[in-house]
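# Close look at the chain arrangement
Here are the chains, one letter per residue:
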Amino acid sequence: MILEPLGSVVLGLALAWVALRSLPDRLPSRRAVLTTGALGALFGAFLMHSVLGPGHLVATLIGAALIGAVTLSLLVRPRSHHLSRSAAA
């Protein structure tokens, strides 16, 4: 019972760490990303456990990782394009 929430939080933190390493300039503060990753995966574990019931640890953790990744993707900001426009246009 304790493995699902604990495992999901660890997965969420790992996903957040990967996101911070690969997109550092497109994410908000480190604290916000780590918190969102952990809470998103924890919510995903809760949701998957509610849908599947007990006894599906691997499926619950996979669902937690997917929902955590989707939650983290909501934090990604678009790339900033610094286009210089000509004065004649």
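Up top is the structure.
These lines cover the structure that appears in this document, whether it is placed above or below. Every value quoted in this text rests on a predicted model; they were computed, and no experiment measured them.

Take the overall build of the protein next. Scanning the protein from N- to C-terminus turns up three helices and zero strands. Of the regular secondary structure in the protein, the N- to C-terminal order runs α-α-α. A total of 89 residues make up the protein; the buried ones form 27% of that total. Put simply, 68% of the contacts in the protein that link residues at least 6 apart link residues at least 24 apart. Carbon together with sulfur atoms contributes 70% to the accessible area of the protein, which is approximately 6300 Å² in total.

Now for the nonpolar core. In this structure, A16, A19, L20, L27, V33 and L72 together form the largest nonpolar core, which totals six residues. Contacts of V33, omitting those with residues within four sequence positions, involve A16, L20, L27, P28, L72 and L75.

How each quantity is defined
Residues numbered from 1 in each chain as written. Predicted model: local features only at pLDDT ≥ 70, side-chain atom pairs only at ≥ 80, totals over all residues. Heavy atoms only, no water. Helix = DSSP H or I, 4+ residues; strand = E, 2+ residues; numbered from the N terminus. Buried < 20%, exposed > 50% of the residue type's maximum accessible area, 1.4 Å probe, protein only. Contact = heavy atoms within 4.5 Å. Areas by Shrake-Rupley, 256 points an atom, 1.4 Å probe, with all protein chains shown as cover. Core = buried A, V, L, I, M, F, W, Y, C linked by side-chain atoms within 4.5 Å.

All quantities given are derived from atomic positions and should not be read as evidence of function.
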